[in-house]
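Spelled out, the chains give:
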Amino acid sequence: MGEISIKAMLELIIPRLIWMMMEKQSLTEKEALTQLYGSELYRQLEREETKLWHLSVPTLYELLVEEKETGHITYPEEA
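My aim in this report is to walk through the structure given alongside it, one point at a time.

Cut-offs and rules
- Residues numbered from 1 in each chain as written.
- Predicted model: local features only at pLDDT ≥ 70, side-chain atom pairs only at ≥ 80, totals over all residues.
- Heavy atoms only, no water.
- Helix = DSSP H or I, 4+ residues; strand = E, 2+ residues; numbered from the N terminus.
- Rg over C-alpha atoms; globule rule 2.2 N^0.38 Å.
- Buried < 20%, exposed > 50% of the residue type's maximum accessible area, 1.4 Å probe, protein only.
- Contact = heavy atoms within 4.5 Å.
- Areas by Shrake-Rupley, 256 points an atom, 1.4 Å probe, with all protein chains shown as cover.
- Lys, Arg positive; Asp, Glu negative; His and termini not counted.
- Charge placed at Lys NZ, Arg CZ, Asp CG, Glu CD.
- Salt bridge = Lys/Arg side-chain N within 4 Å of Asp/Glu carboxyl O.
- Polar contact = N/O pair within 3.5 Å; in protein donor to acceptor, adjacent residues only side chain to side chain.

So, on to the overall build of the protein chain. Scanning the protein chain for helices and strands turns up 4 helices and 0 strands. The linear arrangement of helices and strands in the protein chain, starting from the amino end, is α-α-α-α. The globule rule puts the C-alpha radius of gyration for 79 residues at 12 Å, and the 12 Å found for the protein chain is close to it. With the C-alpha coordinates aligned to their principal axes, the bounding extent of the protein chain is approximately 35 × 25 × 20 Å. Expressed as a percentage of the 79 residues in the protein chain, the buried residues total 38%. Relative to all contacts within the protein chain whose residues are 6 or more apart in sequence, the contacts with residues 24 or more apart total 51%. Surface summary for the protein chain: the accessible area is close to 5,000 Å², and the carbon and sulfur share equals 54%. For the protein chain, the distance from the average position of its 8 positive side-chain charges to the average position of its 15 negative side-chain charges is 3 Å.

Have a look at this one:
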């Protein structure tokens, strides 16, 4: 998948992930965006070779929560 396709996938994933963060953590949109864009998960999500873009939004949310709570991410086998 090319860089343009990854960007298109992220344009679909990111708003749903931000909404989930706002709902589950009672964050403002700005807080959720800051938290997501500052995360290692987001940096890895942007990299095509990680294949994280194919994971569901709930799975990505759980990985983000894990990173926030523990400082690291345990990637699923299929990623």
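Alright, that's what it looks like, and here's the rest.
Before going further, it helps to spend a moment on the pattern of salt bridges. Opposite charge on two side chains lets them pair, provided their charged atoms get close. Evaluation of the coordinates by the stated rule reveals 3 salt bridges. A salt bridge links Glu40 to Arg43, with the shortest nitrogen-to-oxygen separation between them at 3.1 Å. Here the residue Glu40 and the residue Arg43 both occupy positions in helix 3 (residues 40-45), the gap between them amounting to 3 residues, near one helical turn. Ionic pairing is found between Lys51 and Glu48, a salt bridge with its closest N-O pair at 2.7 Å. A relative accessible area of 35% places Lys51 in the partly exposed class.

Turning our attention to the side chain of Glu67. Residue position: Glu67 is located in helix 4 (residues 57-70). Among buried Asp, Glu, Lys and Arg side chains, Glu67 stands out as unpaired, with Arg43 the closest opposite charge at 5.1 Å. At 3.0 Å, the side chain of Glu67 forms a polar contact with the backbone nitrogen of Leu41. When residues no more than four places from it in sequence are discounted, the contact partners of Glu67 are Ser39, Glu40, Leu41, His72 and Ile73.

The next thing to look at is unusual backbone geometry. A positive phi is found at Ser26, a non-glycine position, where the angle reads about 55°. With respect to the helices and strands, the residue Ser26 is situated in the loop between helix 1 (3-25) and helix 2 (29-37). Note on Ser26: relative accessible area 64%, which makes it exposed. For Lys51, which is not glycine, the phi dihedral falls at a positive 60°. By secondary structure assignment, the location of Lys51 is in the loop between helix 3 and helix 4.

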